[in-house]
Structure formats: structure tokens, C-alpha cells
Amino acid sequence: MQGVSVSIECVGAASACAASPALVEKVATCLAGYPGITHLVRHDVTPAGSEDATSLMARVMERGGQATYMIFGADLAAGHHNACFDFDETVMPLAVGALMQVALNP
């Protein structure tokens, strides 16, 4: 009626990747009772993470490895992709220690 047409061209995409259930279980076991971790949420089937992380996870799993995505909560001054983004860096020692705990426990 208005003489308008449209075309859609896909020029990029973001993938999703669910975590490896066995690795999620390992992380949960390793961090159960770990000092400083007060809340542990397991999402072994729900895709999470940004496209760079999910692409890396998918590639690891394609080659027979296991992958998961971990988030350590911290207060944010502003949301992601915001000029005022900043997070409470006091959570860093806890995150590094927790990652070491998982890595050092087969």
C-alpha cells in the first residue's frame, strides 16, 4: 500500500552454550562450604555468558572437554556496557581462591 519493501540480512550471531553437567557437579562439590561463598546456584542446562565465553565453551566441548561459566557476585556501580560500569573488586580474592579450589581438586 505504501510501496515499502524490506530485506533482512544476517550479518552476525551470538551462540548459546549450556554447561557440562559433570563439571557443574564438580564445581558445586568443590565449593560446598568454601569460606566466603554463601550462595551457590547451579545452572547446568541454562545457557549463560557472553558470546565470547559461549563460543569458547562450545569449542572446548566439541573437542571432548568440559566447560562451565561461573559468576561471582559483586556490587556494581552501573550495568555492563555502561560508561560508569565498575564492580566491587574486593570479591577478586574469593573468586581466585575458589577457582584454585576447583582446579586443584581432580
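Each value, and the rule that gives it
Residues numbered from 1 in each chain as written. Predicted model: local features only at pLDDT ≥ 70, side-chain atom pairs only at ≥ 80, totals over all residues. Heavy atoms only, no water. Helix = DSSP H or I, 4+ residues; strand = E, 2+ residues; numbered from the N terminus. Buried < 20%, exposed > 50% of the residue type's maximum accessible area, 1.4 Å probe, protein only. Contact = heavy atoms within 4.5 Å. Areas by Shrake-Rupley, 256 points an atom, 1.4 Å probe, with all protein chains shown as cover. Lys, Arg positive; Asp, Glu negative; His and termini not counted. Charge placed at Lys NZ, Arg CZ, Asp CG, Glu CD. Expected span 1.5 Å × (residues − 1). Arc of directions from axis to C-beta. Phe/Tyr/Trp six-rings, centres within 6.5 Å; stacked < 30°, edge-to-face > 60°. Patch = residues over 30% accessible without salt bridge, like charges linked within 9 Å, V, L, I, M, F, W, Y side chains within 5 Å. Salt bridge = Lys/Arg side-chain N within 4 Å of Asp/Glu carboxyl O.

(A) How the structure looks around the overall build of the protein. Helix and strand content of the protein: three helices and two strands. Listing each helix as α and each strand as β along the protein from the N terminus yields α-α-β-β-α. Overall size of the protein, expressed as C-alpha extent along the three principal axes, is 65 × 40 × 20 Å. By residue count, 19% of the 106 residues in the protein fall in the buried class. Look at the contacts in the protein between residues 6 or more apart in sequence, and 60% of them connect residues 24 or more apart. A total accessible area of about 8,100 Å² is found for the protein, and carbon and sulfur atoms account for 58% of it. Between the averaged position of the 4 positive side-chain charges in the protein and that of its 10 negative side-chain charges there is a distance of 16 Å.

(B) Highlighting unusual backbone geometry. Non-glycine residue histidine 81 carries a positive phi angle of around 60 degrees. Its place among the elements puts histidine 81 in the loop between β1 (76-78) and β2 (86-87).

(C) Seen up close, helix α2 (residues 51-62). With 12 residues, α2 extends 16 Å from end C-alpha to end C-alpha; this agrees with the ideal 16 Å at 1.5 Å per step. Of all the positions in α2, only Ala53, Thr54 and Met57 are classed as buried. The buried residues of α2 occupy an angular sector of 95 degrees when the element is viewed end-on, so they sit on one face. Summarising the geometry of α2, the exposed residues directed more than 90 degrees from the buried face are Asp52, Leu56 and Glu62. Of the residues flanking the end of α2, it is glycine 64, one or two places downstream, whose phi is positive at about 90 degrees.

(D) Focus on the packing of aromatic side chains. Enumeration according to the criterion identifies one aromatic pair in this entry. For the ring pair phenylalanine 85 and phenylalanine 87, a centre distance of 6.4 Å and an interplane angle of 40 degrees mean the geometry is tilted. According to the relative accessible area criterion, phenylalanine 85 is partly exposed, its value standing at 31%. Judged by relative accessible area, phenylalanine 87 falls into the partly exposed class, the value being 29%.

(E) Representation of a nonpolar patch on the surface in the model. Among the surface-exposed residues, Val96, Met100 and Leu104 lie close enough to one another that they form a single nonpolar patch of about 320 Å² accessible area. Tracing the chain through its elements places valine 96 in helix α3 (residues 92-103). Residue classification places valine 96 among the partly exposed positions, given a relative accessible area of 47%.

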